[in-house]
Amino acid sequence: MRAEDTFKTWLDESQDIVFFGGAGVSTESNIPDFRSTDGLYHQQYDYPPETILSHSFYLRKPEEFYRFYRDKMLFPDAKPNRAHRALAKLEQEGKLKAVITQNIDGLHQAAGSREVLELHGSVLRNYCTRCGRSYSLADILATEGVPHCACGGMIKPDVVLYEEGLDMRLLERAIAYIRRADMLIVGGTSLVVYPAAGLIDYYRGNRLVLINKSPTARDGQADLVISGKLGEVLGDAVGV
Ligand code: NAD
């Protein structure tokens, strides 16, 4: 049987599906990932992206941080693609219980997904680091340089920077979903950013499917590996 046919059969047979994804879910919405050859890590800046997107750099050089962030992390016009829509449909059908994502772009919710665990936060939420007041992405886009609150404090995007820890309660919820899943679909992630990448170790079933356009470090652990574009593989299988 072709891998795509096995995938479709497993989707039909499973009732408690969880999807765990990364930047590759949104490349078909024209948001670049980090590690593909045309991804962010292969472009030239004064500092490597890991450095710019770290907490200490954000504090030390907020102007540089925001220059990069506005230029490379904000895509207000991006629209959900077939992968996002397929996952939303599976949830509406009652088969998929949660999307766990490393993405910060909000596109799963824009496609209609409801149970979305954003491990790395979201560019749609921002807050004043002094008084805690919330700001939308539109508020940030209406400013230039380093955005400041009316109280004078610096506004920070609600995204997890390098050197920052993950929200432990969110991580525990993600683990609980994965533990009881009868099918775990992992897609569009190079599985190198921890602790998020370690999540798949909590899966106890025998339908671990990895969908990626390039090999990942965990291919050997999967019950099924599909090499291809997520929008096409998920879109064709679910019919969106
Ligand atoms: P990554 O860049 O390390 O890996 C992306 C993987 O997806 C690669 O293995 C690539 O081959 C694959 N891929 C790319 N397009 C694909 C497609 N159409 N179909 C199937 N596979 C595809 O990304 P990561 O593992 O998510 O980790 C990097 C970090 O980058 C995450 O922490 C995330 O927060 C952040 N990030 C988020 C966004 C976003 O929100 N859209 C974009 C870039 C980076």
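Criteria and thresholds
Residues numbered from 1 in each chain as written. Predicted model: local features only at pLDDT ≥ 70, side-chain atom pairs only at ≥ 80, totals over all residues. Heavy atoms only, no water. Phe/Tyr/Trp six-rings, centres within 6.5 Å; stacked < 30°, edge-to-face > 60°. Buried < 20%, exposed > 50% of the residue type's maximum accessible area, 1.4 Å probe, protein only. Helix = DSSP H or I, 4+ residues; strand = E, 2+ residues; numbered from the N terminus. Contact = heavy atoms within 4.5 Å.

All right, on to the packing of aromatic side chains then. For the structure shown, the criterion picks out five aromatic pairs. For the ring pair Phe65 and Tyr66, a centre distance of 5.3 Å and an interplane angle of 85° mean the geometry is edge-to-face. Classification of Phe65 as buried rests on a relative accessible area of 1%. Here Phe65 and Tyr69 contribute two aromatic rings whose centre-to-centre distance is 5.6 Å and whose plane-to-plane angle is 15°, an arrangement assigned as stacked. A residue pair is termed a helical-turn pair when its members lie 3 or 4 positions apart in one helix, as Phe65 and Tyr69 do in helix α4 (residues 62-72) at four residues. The two residues Phe65 and Tyr69 agree in class, both being buried.

Structurally, Glu232 is set in helix α9 (residues 230-238). With a relative accessible area of 41%, Glu232 lands in the partly exposed category. Apart from residues no more than four positions distant in its own chain, Glu232 is found in contact with Glu28 and Arg82.

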